[in-house]
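An overview of the molecular structure
Below, each chain spelled out in residue letters.
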Amino acid sequence: MRRFDRYILSQLLTLFGFFALVLVSVYWVNRAVVLFDTLIASGQNVSVFFELTVLSLPNVIRIVLPVSVFAAAVYAINRLSSESELTVMQATGFSPWRLARPVFFFGMIVAVMMSILTHFLVPASLSELTSRQKEITENVTARLLTEGSFLHPTNGVTFYIREIAPDGVLRDVFLSDQRTDDHTTTYTAEEAYLVQDESGPKLVMVNGLAQVHTLTNDSLITTNFSDFSYDISALVDIDATQRLRLEHLSTYRLLFDSHSVAEELETKRGWVVYEGNARIAQALIVIVFPLVGFAMLLLGGFSRFGVWPQILIAFVLLVGLETMKGAVSDPVGDDPNMWPLTYLPALTGCVLVGLLLQLSARPIRFRRKAAS
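Before going further, it helps to examine the side chain of Asn277. Tracing the sequence through the fold places Asn277 in helix 9 (residues 269-299). You can call Asn277 buried: its relative accessible area is 6%. Those residues in contact with Asn277 that sit more than four places away from it in its chain are Leu255, Trp339, Thr342 and Tyr343.

What follows is the structure, encoded as C-alpha cells:
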C-alpha cells in the first residue's frame, strides 16, 4: 500500500475511533440510566449493573458502527478537500477509482469488525445477558426482601415487609394485588416465609387476613387464615427473560440447521434464514456506507454553501438503503428461497457507488450530454 493510501487510511481509522466512541457513549448512557433505575429498584447491587452493561456493549457497538463509519469518511474526505490535499492528488492524475481505494480498505477493516460482532460477540453476549436476566428475575430475595419499603415488583402489585428477622422470618407482611379490574385482594400477615418448590417460589403467610374488595357492587369479603401460600412467580415474567431468540444462536445453525431451529423456536424457517444472511449483509453494507459518502463529496464542486448538500444527499441515499433492508425482510421471512434479496441493499449500494465514481470521473462529458 502506498504512502497516500496509508495516510488516508490512518485519517479514516482515527476519526472512526472518535465517532464510534462518542456514539457508543451516548447510546450507552441512555440505556444505562434505565437499566440502573430498574436494577437498583429491584435491590441489585452496582456490580450487577456493570456486568449487564458490559454484556450489552457488543450489540450497542454493532448498532452504531454503520453511522460511525459514514461519519468518519465524510469528515475525513471533507477535511482533505478543504485543505486541498485531495485536489493535489487529483491534479497528479489520480482517478476517482484510485482515490477510493483507501476508503474501500477502510470499509473492509470495519466489515471484519462487524463480522466478528455479528457472528460471535453479539450472539454470545445476548445469550449470556438473557441468562443473567433470568437469574436476576428468579432471585426473589433481591426483588422482595427489602424491609421498610413499599415495593412494586409488577404493575398492580404492592409488597411491604416491616422487618426481616435474623432467622429469615418476615414480620408484618402486606401484599396488595390489583391486577384484575373487578376486584382487589389484600393480604396481611404477622409472619411469612419464602420457600422454593418445583413449581416456583412461594410466599407462605401465617396468621393473617385476606380482604377481597369487589368493585362492581362495592362489597368487602374478609377471611382469616392460619397459613396461606401465595405463588409469587406470577409477579415476574420469567418466561419472557428465558425465551430463546434468533439473536442468541450462531450463524452456522441459522444457515445450515434452519429447519430444527424453526421448530425449536416455533417460527417460520424464512425468518431463521433471513437472520443468518442478514448478519453477512450487515458486514457488506458497512463497506458501502463510507464509499457512498466519499463518492458524493468527490462529485460535488466548489460551493459557497460548503459540502452540506452533498452530505445530505449521501445521508438520504443511506436511509434509502436501510429502508430497502427493512422492505426485503418480509418476503424472505415468508419464503426462505428468497434469501438472495437480503443482499439487495448492499448490491444496490455498490451499483450506486460505481455510478457516482464514474460520474465524477467524467463530469464535463456528462454536462455536455445533459445540455444537448
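Membership of the largest hydrophobic core comes to 56 residues, with the highest contact counts inside it found for Leu99, Phe106 and Phe294. The set of elements that each furnish at least two residues to this core consists of helix 1 (3-41), helix 2 (46-82), helix 3 (85-91), helix 4 (96-138), helix 9, helix 10 (308-327) and helix 12 (344-361). At 13 residues, the largest contribution of residues to this core is made by helix 9. For Leu99, the residues in contact, after removing those within four places along its chain, are Phe4, Leu86, Met89, Gln90, Phe94, Phe294 and Leu298. Membership of the second largest hydrophobic core comes to 15 residues, among which are Phe159, Ala192, Met205 and Ala210.

Let us now look at the packing of helix 9 against helix 12. Helices that pack against each other are described as a pair by the angle of their axes relative to one another and the distance between those axes. The contact between helix 9 and helix 12 brings their axes to 9 Å, and the two run at 20°. Overall, the two elements helix 9 and helix 12 adopt an arrangement that is roughly parallel. Crossing of helix 9 over helix 12 shows left-handed handedness. Contact with helix 9, carried on its side by Leu284, Ile285, Val288, Leu291, Val292, Phe294, Ala295, Met296, Leu298 and Leu299, involves Pro345, Ala346, Gly349, Cys350, Val353, Leu356, Leu357, Leu359 and Ser360 of helix 12 and no other residues of that element. When its residues are assigned to classes, the contact of helix 9 with helix 12 shows 17 nonpolar, 2 polar and no charged.

Turning next to the pairing of strand 2 (residues 157-164). Pairing analysis gives 2 bridges linking strand 1 (residues 150-151) to strand 2, with the strands arranged antiparallel. If you follow Leu151 over to strand 2, its bridge partner there is Phe159. Hairpin remark: strand 1 followed by strand 2, antiparallel, with 5 residues in the connecting loop; positive phi at Gly156, about 90°. Pairing analysis gives 7 bridges linking strand 2 to strand 3 (residues 170-177), with the strands arranged antiparallel. Of the residues in strand 3, the one forming a bridge with Val157 is Asp177. Taken together, strand 2 and the strand that follows it, strand 3, pair antiparallel across an intervening segment of 5 residues, in which Gly168 is found at a positive phi of about 95°.

Relative to the elements of secondary structure, Gly320 occurs in helix 10. The exposure class of Gly320 is partly exposed, given its relative accessible area of 35%. The spacing of Gly320 and Pro345 is 25 residues in sequence and 8.8 Å in space, taken between C-alpha atoms.

Enumeration over the complete set of coordinates arrives at 14 salt bridges. Among the ionic pairs, Arg132 bridges to Glu51, the shortest N-O distance being 2.7 Å. Note that Arg132 is positioned in helix 4 and Glu51 in helix 2, a separation of 81 residues in sequence. For the salt bridge of Asp231 with Lys202, the shortest nitrogen-to-oxygen distance reads 3.9 Å.

Reading the values: the criteria
- Residues numbered from 1 in each chain as written.
- Predicted model: local features only at pLDDT ≥ 70, side-chain atom pairs only at ≥ 80, totals over all residues.
- Heavy atoms only, no water.
- Helix = DSSP H or I, 4+ residues; strand = E, 2+ residues; numbered from the N terminus.
- Buried < 20%, exposed > 50% of the residue type's maximum accessible area, 1.4 Å probe, protein only.
- Contact = heavy atoms within 4.5 Å.
- Core = buried A, V, L, I, M, F, W, Y, C linked by side-chain atoms within 4.5 Å.
- Axes fitted to C-alpha atoms, helices over the stretch in contact; angles between N-to-C directions.
- Parallel < 35°, antiparallel > 145°, perpendicular 65-115°, else oblique.
- Left-handed = near helix turned anticlockwise from the far one by under 90°.
- Nonpolar A, V, L, I, M, F, W, Y, C, P; charged D, E, K, R; others polar.
- Pairing = 2+ DSSP bridges.
- Salt bridge = Lys/Arg side-chain N within 4 Å of Asp/Glu carboxyl O.

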